[in-house]
Amino acid sequence: MSVPAPRRTAPRPPVRRPEARCRARRVTVAVAALCLVAATAAAAPPAPPAPTGCGELVRGRLCLQGPVGADGMYTATYRRNGAAAGLDEIAVRLGYQRKNDRITAFPGWFGTRRTQGGAVGLSGRVEMLAEECIRGVMERGETLYVTKWTCD
């Protein structure tokens, strides 16, 4: 008696794993998102070195915000940098200074206050002409600190 020869059949297709397809989809979405973020960052304009109306001091930042070239409420703020913020609280006098083509005015003061948590801010109404420039002013002891001039 003879034994029949084994049948030769075509190899089966590989078993499909649904998790492999899901993983490939996640990778594709992640790569597309990274490309979108990179393209957005490349197209964005560079950030200015400091916000308008602010000045970097040795141990903090002094800012003056308000409607430059018009009457309105202006706010002078001072914030101490990280390591300096943990030191003793200090008393500062905050205000502004205006100028035009002919004259630079004496500083106008919003008041004096102690920092709390390394920051302080004071506000007041300032009457300005359209052609005038303004800057923030801070006084501590005998030293006067100023921001750059901001003009309309």
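Residues numbered from 1 in each chain as written. Predicted model: local features only at pLDDT ≥ 70, side-chain atom pairs only at ≥ 80, totals over all residues. Heavy atoms only, no water.

Enquirer: Help me understand the pairing of strand E2 (residues 60–65), please; the structure alone is not making it clear to me.
Expert: Two faces belong to every sheet, and in a regular strand the side chains alternate between them. In the sheet, strand E1 (residues 54–57) pairs with E2 via 4 bridges, with the strands oriented antiparallel. In the sheet register, Gly55 faces E2, and the bridge partner there is Leu62. In sequence, E1 turns back onto E2 through a hairpin of 2 residues. For E2 and strand E3 (residues 72–80), the ladder comprises 6 bridges, and the chain directions are antiparallel. Among the inter-strand pairings, Cys63 is bridged to a residue of E3, identified as Thr77. Hairpin connection between E2 and E3: a loop of 6 residues separates the two successive antiparallel strands, and Gly69 in this loop has a positive phi of roughly 85°. (Pairing = 2+ DSSP bridges. Helix = DSSP H or I, 4+ residues; strand = E, 2+ residues; numbered from the N terminus.)

Enquirer: In this structure, what is going on with the pattern of salt bridges? I would like to understand it.
Expert: Two side chains bearing opposite charge may form a pair once their charged atoms approach each other closely. In total, this model carries 3 salt bridges according to the counting rule given. Note that Glu56 and Arg61 form a salt bridge whose closest N and O atoms lie 2.4 Å from each other. Note on Arg61: relative accessible area 27%, which makes it partly exposed. Across the salt bridge formed by Arg93 and Glu139, the nearest N and O atoms sit 3.0 Å from each other. One end of the pair, Arg93, is in strand E4 (residues 91–99); the other, Glu139, is in strand E7 (residues 133–140), and 46 residues separate them in sequence. By relative accessible area, Arg93 is classed as partly exposed at 31%. A relative accessible area of 26% places Glu139 in the partly exposed class. (Salt bridge = Lys/Arg side-chain N within 4 Å of Asp/Glu carboxyl O. Buried < 20%, exposed > 50% of the residue type's maximum accessible area, 1.4 Å probe, protein only.)

Enquirer: Help me understand the pairing of E3, please; the structure alone is not making it clear to me.
Expert: Bridge count between E3 and strand E6 (residues 119–126): 8 bridges; the pairing is antiparallel. Counted as the bridge partner of Thr75 is Ser123 from E6.

Enquirer: Mind showing me how you'd approach the state of the cysteines here?
Expert: Disulfides are covalent bonds that link the sulfur atoms of two cysteine residues. Evaluated as defined, the whole model comprises 2 disulfides. Between the sulfur atoms of Cys54 and its disulfide mate Cys63 the distance is 2.0 Å. A torsion of 110° about the S-S bond marks the disulfide between Cys54 and Cys63 as right-handed. Since its relative accessible area comes to 8%, Cys63 is described here as buried. Note that Cys133 is cross-linked by a disulfide to Cys151, the S-S spacing being 1.8 Å. Handedness of the Cys133-Cys151 disulfide follows from its S-S torsion of about 105°: it is right-handed. With Cys133 in strand E7 and Cys151 in strand E9 (residues 150–151), this residue pair connects regions lying 18 residues apart in the sequence. Each disulfide in the protein links cysteines that, numbered along the sequence, combine into the pattern 1-2, 3-4. (Disulfide = S-S within 2.5 Å.)

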